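Tertiary structure, described
Next come the chains, spelled out residue by residue.
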Amino acid sequence: MTIRFAWLVLLSWLCMPVSLQAQGVPATSTSSAANTKEAANNASHVRYRADYVVAADATYTETDFNDILVKTKAGVDGYSQVRLDYSSKHETLDVLEAYTVGPDGQRRDVPKDKIYSQESYSSASGPMYADYKVKIIVFPDLAPGSHLVYSFRKHVLHPTFGGYFRILETFNPFEQFDDAEVTLQAPSVMPMHLFVRDVQGDKPVVAGDRTSWRWRYRRSDPLKSQTFSAEAWEYGPVVMASTYSDFSQLGRAYDVKAKAAAAVTPAIRAQADAITQGIDGHRAQAQAIYEWVAKNIRYVAIYLGNGGYEPNSADSILANRYGDCKDHTVILEALLAAKGIASSPVLIGAGSGPEWSQVALVERFNHAINYVPEFDLYLDSTSPFARFGQLPGGDLGKPVVHTRDGRLAYTPANDAERNYSQVATTFRYDADGNAKGQTGIDIGPVGEIGLRGAFAQVNGQIRSMVEQSFLGQAGLIGSGRLELHGDATDLRQPFGYGFGFEANDVVDFSVPGGMTLPLPPGSGSLRNKYQRYANPANEVPFHCSDESREQETYVLEFPASVKLDAIPKDMEFSNAAGQYSARWQRDGQKVTAVHVLQLKSVRGPHALCQPQDYGLYRALMQAVRRGFRAQVVYGDLAAQH
């Protein structure tokens, strides 16, 4: 989603094997060097081991070992404590050892009372999720040049789905790995679908009725930070394994428990009848039910990737009035079914890239929404500000699996039909260079969702702060009037806003000069996009499926006493990344400029952009930058000579 409103940042405050022996880690020159010169990175993985032993029923034991060298103060802050999440209902987790080895070579064990067992954040939000736990290891005497060492063993007592085992081991290319190894042992008769990239692997070893695999990885020179990057698993070194042949099988497996949880009970039927009382027709009833769930079922986050694959029953969700994304799909499905409207849960990777993983991994998904085939409509009721039929930008253009029938599909594209904005600003100047004006904004369906969320928290107490921030971000001194168009919480009506303003001493007409287009008060501007493309290159693949369209119209009305000498020429630029145009027109003392930027997906909406594509977007944004440098020239130039 394109986020063009700098003021949203302002409003955001309103609203995630072998033990290392102490004597084997002397105070080496490498460690001391971290204190005398700039470190290349904050930490490095000196030794990493992950060992998976799988049983015939897909339960397994995972044993991990980590030796991490922290090199900087930031590294110390980042690794001062380690969190290990697990489900006490399905797993056991034991910390086998935890200690530090300081720059002086001394080993300091983590006391047992410094390994805390706590409810996870979401578990603390309600008893519905009381089985989600976290073990926190707090490391003592951690300083730059220290090693922190810990190992743990996790027993998965119940597979996520029947017969389902998977591995996703990703080695972030921005991190240093001196010695990493992943091993897997499983029954030979168990189907194991594998994909590896940029790791060294041995041939499988068969011993008796079991097969073993081993993969090794090293990277001593990690990549430098990049402006844009897809998720590491999408392009980086990775080991993937799955016992499921495809995503359809995975989706149907998820649906076994989800379908049972969405049973229509008397309480659900009564609630559906109450919501739709006096409402006829399936679409109108579906809209009423969706809006009720979005407004009345509080969202409590348990992410799919955190072991939370089994939703609660619709009855319990109705009684508690809260739930995570899976629970939202359950109660929405049940209430719809009570009115004879069929729907299906859909697994989706919200906010992630547009490509499928090479094997069927549940980690590909972090979210669940609903699909209503009668209207060919996706619904995400976890967003309380999305109108019926709208999807947040992170849900658009994403691969999904329909769990009821295993169908694979994509959500609607994140294109200019849904992701657009039109900003129109008028400046009326007087002879003294003061200005009055108005900014009008049509932010489009995608932007409207975030807009509602921001303005739902604006009240009389902070309205003046918002108005002054709009002026300040446009570089103006004066007064402003925020005008809301609709109620941010009313999902039946469109919502938007406008901004009227009066500003002092905007321009000096007493001397000839040239002026670029002023910043539009109350809105961001295309001219600032190039700032994200300052780096000359981007070395990794990145997401580029946003095909948004943004238009900015400026009307500048000059007083009769000001002589207008010239307006800029029209400009146009296009390449595979999109098109940009700037059109200028003069009518007497009125100058109108229209800037339009349309983005394209260089490799199509279902593929990542590659490093070489970055230059196309950079060139496009530099054209926008040049376009906004153009100036209107005014004043009696001859009188100055």
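Residues numbered from 1 in each chain as written. Predicted model: local features only at pLDDT ≥ 70, side-chain atom pairs only at ≥ 80, totals over all residues. Heavy atoms only, no water.

**Describing unusual backbone geometry**
In plain terms, the rule: Helix numbering and strand numbering both begin at the N terminus, where a helix is a DSSP run of H or I of at least 4 residues and a strand a DSSP run of E of at least 2.
Despite not being glycine, Ala58 shows a phi value in the positive range, around 75°. Along the polypeptide, Ala58 turns up in the loop between β1 (43–54) and β2 (60–70). Despite not being glycine, Asp376 has its phi angle at roughly 50°, a positive value. Within the fold, Asp376 resides in the loop between β19 (367–372) and β20 (377–379).

**A closer look at the sheet that holds strand β3 (residues 81–87)**
The condition that has to hold: Two strands are counted as paired when DSSP detects at least two bridges linking them. Lines are fitted to the C-alpha atoms to define the axes, a helix being fitted only along its stretch in contact, and any angle between axes, read from their N-to-C directions, falls within 0 to 180 degrees.
Strands sit in the order β3-β7-β6 across an open sheet of three strands; the sheet is antiparallel. Of all the strands in the sheet, just β3 and β6 (115–119) have a single pairing partner and so form its edges. Across this sheet, the average inter-strand angle for adjacent strands is 25°, counted without regard to direction. Examined bridge by bridge, β6 and strand β7 (residues 132–138) share five bridges and lie antiparallel to one another.

**Here we look at the packing of aromatic side chains**
We count it as follows: Aromatic pairs are defined between Phe, Tyr and Trp rings, using the six-membered ring for Trp, whenever the two ring centres lie within 6.5 Å; interplanar angles under 30 degrees are classed as stacked, those over 60 as edge-to-face, and all others as tilted. Summary of the burial criterion: residues with accessible area below 20% of their type's maximum are buried, those above 50% are exposed, and those between are partly exposed, where the area comes from a 1.4 Å probe applied to protein chains only. Our definition puts a charge over a ring when NZ of Lys or CZ of Arg is within 6 Å of the ring centre and also within 35 degrees of the ring normal.
For the structure shown, the criterion picks out 35 aromatic pairs. Ring centres 6.2 Å apart and planes at 45° place the aromatic pair Tyr52 and Tyr60 in the tilted group. Judged by its relative accessible area of 5%, Tyr52 is buried. Assessed through its relative accessible area of 12%, Tyr60 is described here as buried. Measuring from centroid to centroid gives 6.5 Å for Phe542 and Tyr614, while their planes differ by 85°, and the two rings are edge-to-face. Within this pair, whereas Phe542 is found in the loop between β27 (513–515) and β28 (547–557), its partner Tyr614 is found in helix α13 (residues 614–627), the two being separated by 72 residues in sequence. Exposure class is identical for Phe542 and Tyr614. Each is buried. A cation sits over an aromatic face here: Arg107 above Tyr99, 3.5 Å from the ring centre. The ring of Phe375 carries the charged tip of Arg283 above its face, separated from the ring centre by 5.3 Å.

**Observations regarding the confidence of the model for the protein**
Predicted coordinates in regions of low pLDDT should not be interpreted in detail. Cut-off, in case you're wondering: For every residue, the pLDDT score states the predictor's confidence, bounded by 0 at the bottom and 100 at the top. When checking whether two residues touch, look at their non-hydrogen atoms; a contact exists if any pair is within 4.5 Å.
Per-residue pLDDT for the protein has a mean of 90; in total, 91% of the residues score no lower than 70. Across residues 1–36 the pLDDT falls below 50, and counting only partners more than four positions away or on other chains, this stretch makes 71 contacts in the model.

**Notes on helix α8 (residues 282–296)**
Operational definition: Given the number of residues in a helix, its expected span is that number minus one, multiplied by 1.5 Å.
Spanning 15 residues, α8 covers 21 Å between terminal C-alpha atoms, matching the ideal 21 Å at 1.5 Å per step. Of the positions making up α8, those classed as buried are Gln285, Ala286, Ala288, Ile289, Tyr290, Glu291, Trp292, Val293 and Ala294.

**Observations regarding the pattern of salt bridges**
It is possible for side chains of opposite charge to pair when their charged atoms get near one another. Selection criterion: In what follows, salt bridge is the name for a side-chain nitrogen of Lys or Arg lying within 4 Å of a carboxyl oxygen of Asp or Glu.
Overall, the coordinates contain 24 salt bridges when judged by the stated rule. Between Asp77 and Lys73 there is a salt bridge, and its shortest N-O distance comes to 2.9 Å. With Asp77 and Lys73 both in helix α3 (residues 73–79), this residue pair falls four residues apart, about one helical turn. Classification of Asp77 by relative accessible area gives partly exposed; the value is 46%. By relative accessible area, which is 54% here, Lys73 ends up exposed. If you follow the salt bridges from partner to partner, you end up with Glu181, Asp202, Arg214 and Arg216 in one network.

**Digging into the state of the cysteines**
Our working definition: In plain terms, two cysteine sulfur atoms within 2.5 Å form what is called a disulfide here.
Inspection of every chain in the model, using the stated rule, returns one disulfide. With its sulfur 1.9 Å from that of its partner, Cys544 forms a disulfide with Cys609. Across the S-S bond of Cys544 and Cys609 the torsion is about 95°, and the bridge reads as right-handed. In this pair, Cys544 sits in the loop between β27 and β28 while Cys609 sits in the loop between β32 (590–599) and α13, placing the two residues 65 residues apart along the sequence. Given the relative accessible area of 0%, Cys609 is considered buried.

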